[in-house]
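Examination of the molecular architecture
Here is how the chains run, residue by residue.
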Amino acid sequence: MQKNVLILAGILIIAFAAVVSPVMAATAGNATISGNPPLSMNLTVTGTITGWSLDPSVSQPLTNSTAVTMTVKSNDRSWVVSAKDGMDNSKTSGTAGKMADWNGTAYNTTSSISLGSAMLVGATTASGFTGATVTLTGSDQAIATGTGATNAAGTFSALPITITQTVQYSDPSLISPDVYRIIVTFTGSTP
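Residues numbered from 1 in each chain as written. Predicted model: local features only at pLDDT ≥ 70, side-chain atom pairs only at ≥ 80, totals over all residues. Heavy atoms only, no water.

Okay, the overall build of the protein chain next. Summing up its helical and strand segments, the protein chain has 1 helix and 11 strands in all. The helix and strand sequence of the protein chain, counted from the amino end, reads α-β-β-β-β-β-β-β-β-β-β-β. Burial statistics for the protein chain: of 191 residues in total, 28% are counted as buried. Nonlocal contacts in the protein chain, meaning residues at least 24 apart in sequence, comprise 69% of its contacts between residues at least 6 apart. Accessible area for the protein chain stands at about 11,400 Å²; split by element, carbon and sulfur atoms hold 57% of it. (Helix = DSSP H or I, 4+ residues; strand = E, 2+ residues; numbered from the N terminus. Buried < 20%, exposed > 50% of the residue type's maximum accessible area, 1.4 Å probe, protein only. Contact = heavy atoms within 4.5 Å. Areas by Shrake-Rupley, 256 points an atom, 1.4 Å probe, with all protein chains shown as cover.)

Our focus in this paragraph is the pattern of salt bridges. Across all of its chains, the model carries 1 salt bridge by this definition. Among the salt bridges present, the one from Asp 85 reaches Lys 91, with a minimum N-O distance of 2.5 Å. Residue Asp 85 shares its accessibility class with Lys 91, and that shared class is buried. (Salt bridge = Lys/Arg side-chain N within 4 Å of Asp/Glu carboxyl O.)

With that out of the way, let us pick up the confidence of the model for the protein chain. Averaged over all residues, the pLDDT of the protein chain is 89; the fraction at 70 or higher stands at 87%. Here residues 5-17 is modelled with pLDDT under 50, and outside its nearest four sequence neighbours on either side it reaches 0 contacts, counting other chains as well. (pLDDT = per-residue confidence, 0-100.)

Below, the discussion takes up unusual backbone geometry. Residue Pro 61 follows Gln 60 across a cis peptide bond; omega there is -5 degrees. Of the consecutive residues Ser 176 and Pro 177, the connecting peptide bond is found in the cis state with omega at 15 degrees. Relative to the assigned elements, Pro 177 resides in the loop between strand 9 (154-165) and strand 10 (179-181). Phi is positive for Met 87, close to 50 degrees, though the residue is something other than glycine. Looking at where Met 87 falls in the secondary structure, it is placed in the loop between strand 3 (80-85) and strand 4 (100-102). Of note in this structure, Asn 89 is not a glycine but carries a positive phi near 55 degrees. Mapped onto the elements, Asn 89 comes out in the loop between strand 3 and strand 4.

Whenever strands of a sheet pair, they do so through backbone hydrogen bonds, lying parallel or antiparallel. Ordered in space as 6-8-3-11, the 4 strands form an open sheet in which the pairing is antiparallel. Every interior strand has two partners, whereas the edge strands, strand 6 (129-131) and strand 11 (184-189), have only one. Here the average twist between neighbouring strands, direction ignored, is 20 degrees. Bridge count for strand 3 against strand 8 (residues 141-146) is 4 bridges, and the pairing is antiparallel. Bridged to Val 80 within strand 8 is Thr 145. (Pairing = 2+ DSSP bridges. Axes fitted to C-alpha atoms, helices over the stretch in contact; angles between N-to-C directions.)

The following block contains the structure:
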């Protein structure tokens, strides 16, 4: 009987050692992990205005706030969206900010006809950013600026861009196929 008790005691010691051993071998520690994503911003502008009735006989200025929108994605809280007349396609000098005579393939540089008033471009203020309306020129001007608050980082989808144009009787009607045209360039940046 003593032999069986010794064998049983030996089995219990081995079983106890197997259970206790991993706990006794464990050690405590910690790891510090840190990081910071690089500044990132993405600006998408969609929409266009074609066939806009530039009628001087209706209440002025003419405004369109549904055709053009922007989506801003930024992890920086102080982002900026700017607008300018890109003076694309060899646009006639002296017409910055103004819709100018376009014959369907190029600006009419011989007539240098443009509307008398520059276009206004703007964004409305919303939670996280401040909007502004600017008179379009050939230089970048801020139309939306992240407020620097935590909620200024993130995605702002389908924000309306307001396009405003004043037309006067002194702005001549063009002979078809010519139309008044301007390309507005939008730029997104982080400081």
